[in-house]
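Residue strings, one per chain:
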Amino acid sequence: MEALAVAHPNIALVKYWGKRDSALNLPREGSLSLTLAGMESVTHVAFDGAFAADELVLGGNPAPEASLRKARRILDEVRRRAGGRLAALHARVESRNDFPTGAGLASSASGFAALACAAAGAAGLDLSPAELSVLARLGSGSACRSVLGGFVEWKRGERADGTDSHAIAVAPRDHWDVVMLVAVVAEGPKGVSSTEGMERTRRTSPYYEPFLGSIPADLDAARAAVVARDLDALGVVMERNCLRMHAAMLAAEPALIYLRGGSLAVIERVGQLRSAGARAYFTIDAGPNVKVLCERAGADAVESALAAVPGVARVIRALPGGGARVVDPLA
Ligand code: PMV
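Residues numbered from 1 in each chain as written. Predicted model: local features only at pLDDT ≥ 70, side-chain atom pairs only at ≥ 80, totals over all residues. Heavy atoms only, no water.

**Student:** Looking at this structure, how should I read the overall build of the chain?
**Tutor:** Summing up its helical and strand segments, the chain has 10 helices and 16 strands in all. Scaling as 2.2 N^0.38, a compact globule of 331 residues should have a C-alpha radius of gyration of about 20 Å, and the chain matches this with 19 Å. Evaluated residue by residue, the chain yields a buried proportion of 55% over its 331 residues. Sequence-distant contacts in the chain: of pairs separated by 6 or more residues, those separated by 24 or more amount to 76%. Of the roughly 13,300 Å² of accessible surface on the chain, 53% is carried by carbon and sulfur atoms. The positive charge centre, built from 37 side chains, and the negative charge centre, built from 36, are 3 Å apart in the chain. (Helix = DSSP H or I, 4+ residues; strand = E, 2+ residues; numbered from the N terminus. Rg over C-alpha atoms; globule rule 2.2 N^0.38 Å. Buried < 20%, exposed > 50% of the residue type's maximum accessible area, 1.4 Å probe, protein only. Contact = heavy atoms within 4.5 Å. Areas by Shrake-Rupley, 256 points an atom, 1.4 Å probe, with all protein chains shown as cover. Lys, Arg positive; Asp, Glu negative; His and termini not counted. Charge placed at Lys NZ, Arg CZ, Asp CG, Glu CD.)

**Student:** Can you help me understand the environment of H44 in this one?
**Tutor:** Tracing the chain through its elements places H44 in strand β6 (residues 41–48). Taking relative accessible area as the criterion, H44 reaches 22% and is therefore assigned partly exposed. The sequence separation of H44 and A255 amounts to 211 residues, and the corresponding C-alpha distance is 38 Å. When near neighbours in sequence (up to four residues on either side) are disregarded, H44 contacts E2, A3, L4, R92, V93 and E94. A polar contact of 2.7 Å, which involves the side chain of H44, links it to the side chain of E2. (Polar contact = N/O pair within 3.5 Å; in protein donor to acceptor, adjacent residues only side chain to side chain.)

**Student:** Is there a simple way to think about the pairing of strand β2 (residues 10–14) in this case?
**Tutor:** Along β2, 5 of the 5 residues are buried, which leaves the element largely enclosed by surrounding structure. When β2 meets strand β5 (residues 31–35), the two strands line up antiparallel, connected through 4 bridges. Opposite V14, over in β5, you have L32 as the bridge partner. (Pairing = 2+ DSSP bridges.)

**Student:** How should helix α3 (residues 129–139) be read in this particular structure?
**Tutor:** An α-helical turn contains 3.6 residues, so any two residues separated by three or four positions project in the same direction. The buried count for α3 comes to 8 of 11 residues, which makes it a mostly enclosed element. Along α3, the residues that are buried comprise L132, S133, V134, L135, A136, R137, L138 and G139. Packing partners of the buried residues in α3 comprise β4 (26–27), α1 (65–82), α2 (107–122), α4 (143–146), β10 (151–154) and β11 (167–171).

**Student:** Would you explain the state of the cysteines in this entry?
**Tutor:** Each disulfide consists of one covalent bond between the sulfur atoms belonging to two cysteines. If you walk through the whole model with that rule in mind, you get 0 disulfides. As a non-bridged cysteine, C144 has C117 as the owner of its nearest cysteine sulfur, 14 Å distant. C294 forms no disulfide, and the closest cysteine sulfur to it belongs to C242, at a distance of 16 Å. The exposure class of C294 is buried, given its relative accessible area of 1%. (Disulfide = S-S within 2.5 Å.)

**Student:** Explanation requested: the pattern of salt bridges in the structure shown.
**Tutor:** Opposite charge on two side chains permits them to pair, given that their charged atoms come into close proximity. What the rule picks out here adds up to 25 salt bridges. One salt bridge connects D300 with R317, and the closest N-O pair in it is separated by 2.5 Å. Of the two residues, D300 sits in helix α10 (residues 299–307) while R317 sits in strand β15 (residues 314–318), which places them 17 residues apart along the sequence. Each of D54, R72, D76 and R79 takes part in salt bridges that share partners, so that together they form one network. (Salt bridge = Lys/Arg side-chain N within 4 Å of Asp/Glu carboxyl O.)

**Student:** What am I meant to see in the site of the ligand here?
**Tutor:** Among the 13 residues in the neighbourhood of the ligand, the closest are listed as A12, Y16, S142, R145 and S194. In this structure, G141 approaches the ligand through a main-chain N or O atom, which is 3.4 Å from an oxygen atom. A distance of 2.7 Å separates an oxygen atom of the ligand from a polar atom in the side chain of R145. Burial of the ligand by the surrounding chains reaches 92%, relative to a free accessible area of 390 Å². (Near = heavy atom within 4 Å.)

**Student:** Mind showing me how you'd approach the domain arrangement of the chain here?
**Tutor:** One frequently used descriptor of interface size is the decrease in accessible area upon assembly of the parts. The domains assigned to the chain are domain 1 (2–175) and domain 2 (178–318). The straight-line distance from the C-alpha centre of domain 1 to that of domain 2 is 23 Å. The partner domain 2 presents 46 residues to the 31 residues of domain 1 that form the contact. Taken together, the links from domain 1 to domain 2 amount to 3 salt bridges. As a salt-bridge pair, E153 and R223 come within 2.6 Å of each other at their nearest N and O atoms. Summed over the shared surface of domain 1 and domain 2, the number is 8 residue pairs in polar contact (both at pLDDT 80 or more). Looking at the side of domain 1 that touches domain 2, the elements with two or more residues in it are β2, β5, β10 and β11. For the side of domain 1 that touches domain 2, the element with the most residues is β2, which contributes 4 residues. Here the residues of the side of domain 1 that touches domain 2 sort into 17 nonpolar, 7 polar and 7 charged. (Domains from an automatic or database assignment. Nonpolar A, V, L, I, M, F, W, Y, C, P; charged D, E, K, R; others polar.)

Right under this line is the structure:
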């Protein structure tokens, strides 16, 4: 019983930063993202009576215990749903990313979305996109959005069991000819995990509640801007939402400083490009790299300007991508 699945990272345009239930990764508020093509996680899952324990191999190396614990939440739920003989089998999971892990490029999102998809496939479960999204959410919250392609909203849901907290499609990948340029400022894992960072922000930041309070209006505005393909309206919302999240992080104790000098240099350059007439807008997650959204027509000029910013190691260009899917290992 085995399956191979592929999933892509997604970048939040309206952020998820705050849980109402940490065991189930239920968010305080909804979020909205774009799934990217061109970077991927490929994950193989096998359930077999020969395995003595669940095993997770990331990029050829045994994964840290914390990642294995998250993967097990997904595997346990798949075993529970499948029942029968499979309920007693351990799994071996092997996952690879073709982009930097743990640097705010949402490798956990693509990794857990691919894992959910491969594990359900290996177990022979026929899940709806919403059920697959709930399953991926157990590994990491943002992974529930990578189950779908294009522009995606994660509905916060109301139920305590989380069955209504999953991704829904806002617009398909071919709805809008946009490009996401990832200005890589630093590669390598981030200092404080998103789980710990969210908890610290909740406990200590005076800006946590105001940030969360601003999200419903941002979500409405961002959703409408995506539907209308209005880059300037979307850009205003995505930048303010990201900066408010970082303001809440910076005000935590001890402060969560994910931004580096290079991140600020890219922000400044994006502002200069806009003053010169370009249409480009930034967002930054829990890491130093800056993602810049623009339309395909103006992307070349923005890309070369970002590549020339001191502190930027390279720029990755990503187009809107598809959702998680099981693939044929021989294809
Ligand atoms: O899903 P997690 O636990 O990796 O958290 C993701 C948090 C952000 O990337 C900062 C925001 C988001 O909505 O993706």
